[in-house]
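One letter stands for each residue in the lines below.
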Amino acid sequence: MSEENKISRRDAMKGMAVAVGAVAVGSMMGAGTAMAAGKCPGTTPKATLSYQDHPKGKDHCAVCANFIAPHCCKVVAGPVSPNGYCLAFTPKPV
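Residues numbered from 1 in each chain as written. Predicted model: local features only at pLDDT ≥ 70, side-chain atom pairs only at ≥ 80, totals over all residues. Heavy atoms only, no water.

> I tried to follow the overall build of the protein on my own but got confused; where do I start?
Broken down by element type, the protein carries 1 helix and 2 strands. Here the protein holds 94 residues, and the buried ones make up 22% of them. A separation threshold of at least 6 residues defines the contact pool for the protein, and within that pool the share at least 24 residues apart is 73%. Accessible surface, the protein as shown: approximately 6,700 Å² in total, 64% of it carbon and sulfur. (Helix = DSSP H or I, 4+ residues; strand = E, 2+ residues; numbered from the N terminus. Buried < 20%, exposed > 50% of the residue type's maximum accessible area, 1.4 Å probe, protein only. Contact = heavy atoms within 4.5 Å. Areas by Shrake-Rupley, 256 points an atom, 1.4 Å probe, with all protein chains shown as cover.)

Have a look at this one:
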């Protein structure tokens, strides 16, 4: 390889950092698209967690650490209501 075709280690590292960042952003955008299409990440059936479409006192999905706006949950399968409640409720940290 001639001297003019060589790239510096610094340039190679910059290129790798840009590539890794692009993959990370693409992955996050892909997850958002899947959730927007109704494919939420939760896998536990609603019946197993006694899911209900109304709150239990002040506890409801919108203030749960597992809730992913506008209608997904990290635990419960399928769409959920921001006003719903289930046994997986975990308050968001203050």
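> What is the right way to read the state of the cysteines from this model?
As used here, a disulfide is simply a covalent bond connecting the sulfur atoms of two cysteines. Per the stated rule, a full pass over the model turns up 1 disulfide. The side chain of Cys40 participates in a disulfide bridge whose partner is Cys72; the two sulfur atoms lie 2.0 Å from each other. Across the S-S bond linking Cys40 and Cys72, the dihedral sits near -60 degrees, which makes this disulfide left-handed. Separated by 32 residues along the polypeptide, Cys40 in the loop between helix H1 (9-36) and strand S1 (67-68) and Cys72 in strand S2 (residues 72-73) bring together distant segments of the chain. Summarising the burial analysis for this pair, Cys40 and Cys72 share the class buried. Free of any disulfide, Cys64 has its nearest cysteine sulfur in Cys73, 6.0 Å distant. Of all cysteine sulfurs in the structure, the one in Cys86 sits closest to Cys73, which takes part in no disulfide; the separation is 5.7 Å. (Disulfide = S-S within 2.5 Å.)

> Would you mind going over the environment of Phe67 with me for this structure?
Inspection of the secondary structure assignment puts Phe67 in strand S1. Of the residues examined, Phe67 reaches a relative accessible area of 14% and is grouped as buried. When the C-alpha atoms of Phe67 and Pro82 are compared, they prove to be 7.9 Å apart, with 15 residues separating the residues in sequence.

> How should the nonpolar core be read in this particular structure?
Looking at soluble globular proteins, one finds that nonpolar side chains tend to be buried together. Counting residues in each nonpolar core, the largest one holds 12 residues, listed as Leu49, Tyr51, Cys61, Cys64, Phe67, Cys73, Val76, Val80, Tyr85, Cys86, Ala88 and Phe89. In this structure Cys73 touches Cys40, Pro41, Gly42, Asn66, Ile68 and Val80, once residues within four positions along its chain are discounted. (Core = buried A, V, L, I, M, F, W, Y, C linked by side-chain atoms within 4.5 Å.)

> What is the right way to read the environment of Asp53 from this model?
Inspection of the secondary structure assignment puts Asp53 in the loop between H1 and S1. Between the C-alpha atoms of Asp53 and Gly84, which are 31 residues apart in sequence, the distance is 4.1 Å. Those residues in contact with Asp53, other than ones at most four positions away along the chain, are Ser81, Asn83 and Gly84. Here the side chain of Asp53 touches Tyr51 through a polar contact of 2.9 Å, side chain to side chain. (Polar contact = N/O pair within 3.5 Å; in protein donor to acceptor, adjacent residues only side chain to side chain.)

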